[in-house]
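Descriptive structure summary
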There are 2 protein chains.
Amino acid sequence: MVIVKVHFGTDFMDQFAQPSSAPELLVELDRGAAETLSSQLERRLRAAVRAGRLKPGSTLPSTRALASQLGISRGLVVAAYAQLGAEGYLVLSRGAAARVAESVMPGAESSRPRRSYRVAHNLFPSLPDYGAFPRERWLASYRRALKAAPDVELAYGDSRGSEQLRAALVSYLGRVRGVSASEEHALACSGFASALGLLARVLCRSGSRTMGVEDPGHAVIRGIVERTGLRPVPIPVDDEGIDVDALVAASPDAVLVTPAHQFPTGVVLSPERRTRLLDWAASTGALVAEDDYDAEFRYDRPAVGALQGLAPERVAYLGSTSKTLAPGLRLGWLVAPSRLVRALVDEVLYTVITPPRLEQLAFADFLERGELDRHLRRMRLRYRKRRDVLVGALARELPELEMRGVAAGLHVFAVLPPGSDEQRLLAAARGRGIGLTGLTEHAIRPPREQALVLGYALSPEPALRAAVRELAAAFSA
Amino acid sequence: MVIVKVHFGTDFMDQFAQPSSAPELLVELDRGAAETLSSQLERRLRAAVRAGRLKPGSTLPSTRALASQLGISRGLVVAAYAQLGAEGYLVLSRGAAARVAESVMPGAESSRPRRSYRVAHNLFPSLPDYGAFPRERWLASYRRALKAAPDVELAYGDSRGSEQLRAALVSYLGRVRGVSASEEHALACSGFASALGLLARVLCRSGSRTMGVEDPGHAVIRGIVERTGLRPVPIPVDDEGIDVDALVAASPDAVLVTPAHQFPTGVVLSPERRTRLLDWAASTGALVAEDDYDAEFRYDRPAVGALQGLAPERVAYLGSTSKTLAPGLRLGWLVAPSRLVRALVDEVLYTVITPPRLEQLAFADFLERGELDRHLRRMRLRYRKRRDVLVGALARELPELEMRGVAAGLHVFAVLPPGSDEQRLLAAARGRGIGLTGLTEHAIRPPREQALVLGYALSPEPALRAAVRELAAAFSA
């Protein structure tokens, strides 16, 4: 059995992959990890003391009891206790139970907001199958980059990031997404959120006050906008994407849109709306920020090209590797209209938030060699199958759900029948260990409908079938 | 001859390592780079077209002329022209000169603020000898980290960064700098500026309005503080470090100090001032932010321990690898008082600005294996010798300069005789290709004295001697 603790913090809308732990366990070991069990045990015991979960003076279980509880050999526990004794965390005396040293001053009380339910079935959206990250290929790119980089790449360098990466990026984005830009317009960022924060701060400094955001849309993204000083203005989304009439009426200084695959509704911005959106931008001078967050995953036809390609001087394009490779890379980009480049560079000069140079160069190599294309081909097949399985199972087990949106991305949008109680259904599902989110969590104004937002990227096909069976059971209970 | 372009952007106070290029060159090639000359040539020609430096329709030099100008074989130029012809950037026709295609739309005008003088002698402070970055050892750590990391490290994870890195960091900082903290208090950040920005934003959100900053101090750092919304309040620095009486009088909500080695004066905060600074913090509840920016480099005696160790709940500790390894790593940290941890984590949740997980794990491995210690031992020897050479040469050639500050860090602070004209001397030095800065650039209020701030980390010993001879010539002219 692999037990992993739920991590704390940036799990973007609580959409995390790990099942939470049984609270009665003193420490937990991950048998799937490369770290040895004895190293894990030592580290976690030390952390438990430091965090005050093991109080000064308190008694530890006997080595025999802990070994049995964890299902490991007693020798490992004896060795871990001895190490922590030598480090001063534990007091060991022959014939008595090991105790936490009185002298240890616990650190800050751990303030981890633990998820209140156990996740056995993972249907969270927004995370890719990061376990499929092509480690060997990435390492090869990193090695080549490290060997080839001139020394000067190890200094600060251009605020926009490495020229080589920016050239590789605009070439890739031009080919795959129809983005029209030279590397002069591209900035390497520490993920999407950092790109959006950078853009919003620059808009704010240049006098913008408001940014339209899609409603429903990603709650964390609204938070990012808000924290930069811009006021997010909710603009409704319907079956054709963002409502441009409502946008024109609200007339914010900028608008953030997801034209290729709206989150969470899964709709694609219609051709007519695309034109009208750009007309609005041209006539008002407002900026369109394009969040192209999972455009690489379209399963039924080629993805629509980026809006940016139609109006490079009206649209700022934002993307990242968080959905295509892994969020842990913290790599993103911003392709900006000419008029913003200077201000963006100034802003970076005072934040110096750019990805590490070596990682930038590794990614440039990875792009140039077509490794991202190869990885995406593999993942598209995998996700498409998983999506088909999820949609099929939902149709079978919960025919009352109505699937909306196109075959794309990493989640489906399942509308509940009129009169449903979304909150009650979510609670029932969570009570059965299903990790999922509902439309309400993503909506700013109360939505007219109720819906579930179900991710399929992280679960193998049998797990998806099991999850849907459990979901059906939760609903019928 | 190695010609490298001056990069644009984050060169922190114009303290860059590269000599600027002769403007008449169409493209420049770096013979020291690992990238092939043909690849460099292609890339730079492409960039010149995109940036509009080569205008649509304009004629290129003949392959023979360009080859001769660059000192490379004509074949390389022919191949580069052919490639760019195939890509549509150039129009090639037999018997006529190559032209830039009319259809190419140049991108944003390159807005690179070029340094207005050529740097032949590099005495900029604030950059380490990044060419000495231990690439092989780093790669070994990265490889181990990549192989060992559990999949979940590739997701978002704890906002504070990898638990393994935070544990390794607090252990290292405890051992080397006397920092007292558990990993619960440590956050991995994208360099020092990102750590400071994070801290300042959180202070700002919790109601702080002002942050004391040392005067003189680093101008970019004041800019970082200012852009978070806090107002920087200049506090004078004298021979004992920050003037605590002035601090008490100004009574800002927080203060940023460099106790181990003040920038740029090079003084160490005196024991009495340390106590009074912490007393002030305790009595007012103000936060002390400790910028421990080059504390690992003390040459005459062991460095004074971090202030943070004396009052972990009053002092936030900030550091990075930018001076110890290389700025390009973009790795830094913040060790925060317990009461701030929750708010810091919330802030990171909405910026998601953390170093890439793999880099964090690589650095954890690098620390755990003592690689940083080994590297620092090597670099301390090297810098100490360079410092001795610079100080010796200055004493010989420019005896009128008075050296201040302790034997530490990466720069010396050389006070000019009364009645000197710092600006004129700087201009004369720059006219002779010496890259350096003066006290005035770092001062908020007009300083009582005039001084030069001279870095020695980046130049080998003969280059330092030559630079000082040139400096003396500039002064006597």
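Residues numbered from 1 in each chain as written. Chains lettered and ligands numbered in written order. Predicted model: local features only at pLDDT ≥ 70, side-chain atom pairs only at ≥ 80, totals over all residues. Heavy atoms only, no water.

The next point concerns the overall build of chain A. Assigned secondary structure in chain A consists of 15 helices and 16 strands. Here chain A holds 477 residues, and the buried ones make up 62% of them. Here the contacts in chain A between residues at least 6 apart in sequence split such that 74% fall between residues at least 24 apart. Carbon together with sulfur atoms contributes 52% to the accessible area of chain A, which is approximately 16,900 Å² in total. (Helix = DSSP H or I, 4+ residues; strand = E, 2+ residues; numbered from the N terminus. Buried < 20%, exposed > 50% of the residue type's maximum accessible area, 1.4 Å probe, protein only. Contact = heavy atoms within 4.5 Å. Areas by Shrake-Rupley, 256 points an atom, 1.4 Å probe, with all protein chains shown as cover.)

This paragraph deals with the sheet that holds strand β5 (residues 210–215) of chain A. Residue and element names in this part refer to chain A. In spatial order, the strands read β4-β11-β10-β9-β8-β5-β6-β7; together these 8 strands make up an open sheet with mixed pairing. In this open sheet, the two strands that pair with only one neighbour each are β4 (186–189) and β7 (241–242). Looking at chain direction, β5 and strand β6 (residues 231–238) are connected through 6 bridges and run parallel. Bridging across to β6, Thr210 finds its partner in Arg231. Its contacts with the sheet place helix α5 (residues 163–177) against β4, β10 (315–320) and β11 (332–335), and it is angled at close to 105° to β4. (Pairing = 2+ DSSP bridges. Axes fitted to C-alpha atoms, helices over the stretch in contact; angles between N-to-C directions.)

Residues and elements named next belong to chain A. With respect to chirality, the unit in which β5 leads through helix α7 (residues 219–227) into the neighbouring parallel β6 is right-handed. Looking at chain direction, β6 and β7 are connected through 2 bridges and run antiparallel. Paired with Asp238 across the bridge in β7 is Gly241. Counted between consecutive antiparallel strands, the loop separating β6 from β7 contains 2 residues. (Right-handed = clockwise from strand over helix to strand, strands pointing away.)

All names here are of chain A. Summed over the entire model, instances satisfying the criterion amount to 56 salt bridges over all chains. Linking Asp215 and Arg445 is a salt bridge whose minimum nitrogen-to-oxygen distance equals 3.6 Å. Of this pair, Asp215 sits in strand β5 while Arg445 sits in the loop between α14 (439–442) and β16 (451–455); the two residues are 230 residues apart in sequence, bridging distant segments of the chain. Its relative accessible area of 8% is what places Asp215 among the buried residues. Relative accessible area serves as the criterion here: at 42%, Arg445 is assigned to the partly exposed category. A salt bridge links Glu449 to Arg404, with the nearest nitrogen and oxygen atoms 2.7 Å apart. Within this pair, whereas Glu449 is found in the loop between α14 and β16, its partner Arg404 is found in strand β12 (residues 402–404), the two being separated by 45 residues in sequence. The exposure class of Arg404 is partly exposed, given its relative accessible area of 21%. Overlapping salt bridges, with partners in common, bring together Asp158, Arg160, Arg166 and Glu184 in one network. (Salt bridge = Lys/Arg side-chain N within 4 Å of Asp/Glu carboxyl O.)

This brings us to the interface of chain B and chain A. On the chain A side, the residues contacting the 86 residues of chain B number 85 residues. For the pair chain B and chain A, the summed buried surface comes to about 8,100 Å²; carbon and sulfur atoms form 60% of the total. Linking chain B with chain A are 6 salt bridges. Linking chain B with chain A are 22 residue pairs in polar contact (both at pLDDT 80 or more), by the criterion used here. If you list the elements that add at least two residues to the side of chain B that touches chain A, you get α1 (37–50), α4 (135–148), α5 (163–177), α6 (192–205), α7 (219–227), α10 (338–349) and α11 (357–368) of chain B. (Buried area = accessible area lost by both parts, 1.4 Å probe. Polar contact = N/O pair within 3.5 Å; in protein donor to acceptor, adjacent residues only side chain to side chain.)

Before going further, it helps to examine the domain arrangement of chain A. Residues and elements named next belong to chain A. Domain annotation for chain A reports domain 1 (2–100), domain 2 (121–126 + 374–476) and domain 3 (135–369). For domain 2 versus domain 3, the separation of C-alpha centres amounts to 27 Å. Listed per partner, the contact involves 27 residues of domain 2 and 31 residues of domain 3. For the pair domain 2 and domain 3, the summed buried area comes to about 2,500 Å², and 59% of that belongs to carbon and sulfur atoms. Applying the counting criterion to the domain 2 and domain 3 interface returns 1 salt bridge. Our enumeration of links across domain 2 and domain 3 arrives at 15 residue pairs in polar contact (both at pLDDT 80 or more). Those elements giving two or more residues to the side of domain 2 that touches domain 3 turn out to be α12 (371–397), β13 (411–415) and α14. Top element by residues in the side of domain 2 that touches domain 3 is α12. It accounts for 8 residues. The class makeup of the residues in the side of domain 2 that touches domain 3 is 14 nonpolar, 6 polar and 7 charged. (Domains from an automatic or database assignment. Nonpolar A, V, L, I, M, F, W, Y, C, P; charged D, E, K, R; others polar.)

On to the packing of aromatic side chains. Within this structure, the stated rule accounts for 13 aromatic pairs over all chains. When the ring of Phe263(B) is compared with that of Tyr293(B), the centres are 6.1 Å apart and the planes differ by 90°; the resulting orientation is edge-to-face. Within this pair, whereas Phe263(B) is found in the loop between β8 (254–257) and α9 (271–284), its partner Tyr293(B) is found in the loop between β9 (287–291) and β10 (315–320), the two being separated by 30 residues in sequence. Given the relative accessible area of 5%, Phe263(B) is considered buried. Residue class for Tyr293(B) comes out buried when judged on its relative accessible area of 17%. The interplanar angle of 15° and the centroid separation of 5.9 Å between the aromatic rings of Trp333(B) and Phe363(B) together place this pair among those described as stacked. Of this pair, Trp333(B) sits in strand β11 (residues 332–335) while Phe363(B) sits in helix α11, and the two are 30 residues apart along the sequence. The class for Phe363(B) is buried, based on a relative accessible area of 0%. Members of the aromatic cluster, connected to one another through ring pairs, are Phe133(A), Trp138(A), Trp333(A), Phe363(A) and Phe366(A). (Phe/Tyr/Trp six-rings, centres within 6.5 Å; stacked < 30°, edge-to-face > 60°.)

On to the relation of the copies chain B and chain A. Two copies of the chain are present, and they differ by a rotation about an axis and a shift along that axis. Superposition record for chain B on chain A: RMSD 0.2 Å, screw rotation 180°, translation along axis 0.1 Å. Read as a symmetry element, the transformation amounts to a two-fold axis. Counting the interface residues of chain B, we find that 99% of their copies in chain A are interface residues as well, pointing to one common contact surface. (Least-squares fit on C-alpha atoms with pLDDT ≥ 70 in both.)

Here we come to the sheet that holds strand β7 (residues 241–242) of chain B. Residues and elements named next belong to chain B. Taken together, the 8 strands give an open sheet; going across it, the order is β4-β11-β10-β9-β8-β5-β6-β7, and neighbouring strands pair in mixed fashion. The open sheet is flanked by β4 (186–189) and β7, the only strands paired with a single partner. Examined bridge by bridge, strand β5 (residues 210–215) and β8 share 3 bridges and lie parallel to one another. Paired with Gly212 across the strands is Val255, a residue of β8. Across the sheet, α6 lies against β4, β5, β8, β9, β10 and β11, angled at about 155° from β10, the strand it touches most.

This part is about the confidence of the model for chain A. Residues and elements named next belong to chain A. Per-residue confidence for chain A gives a mean pLDDT of 87; residues scoring 70 or more make up 90%. Across residues 1–24 the pLDDT falls below 50, and counting only partners more than four positions away or on other chains, this stretch makes 96 contacts in the model. If you check the scores for this complex, the pTM reads 0.79 and the ipTM reads 0.79. (pLDDT = per-residue confidence, 0-100.)

With that settled, the discussion passes to the state of the cysteines. Cysteine pairs can be covalently joined through their sulfur atoms, and such a bond is termed a disulfide. The final tally for this structure, using the stated rule, is 0 disulfides over all chains. Cys189(A) forms no disulfide, and the closest cysteine sulfur to it belongs to Cys204(A), at a distance of 17 Å. Cysteine Cys204(B) is unpaired, with the sulfur of Cys204(A) as its nearest cysteine sulfur at 13 Å. (Disulfide = S-S within 2.5 Å.)

Time to look at the side chain of Lys323(B). All names here are of chain B. Assignment of secondary structure puts Lys323 in the loop between β10 and β11. Buried and unpaired, Lys323 has no salt bridge, with Asp294 as the nearest side chain of opposite charge at 7.5 Å. A polar atom in the side chain of Lys323 sits 3.4 Å from the backbone oxygen of Ser126. (Lys, Arg positive; Asp, Glu negative; His and termini not counted.)

Bringing the environment of Glu226(B) into the picture now. Residue and element names in this part refer to chain B. With respect to the helices and strands, Glu226 occurs in helix α7. The exposed category is assigned to Glu226, whose relative accessible area is 52%. Sequence separation between Glu226 and Thr210 is 16 residues, and the spatial gap between their C-alpha atoms is 9.3 Å.

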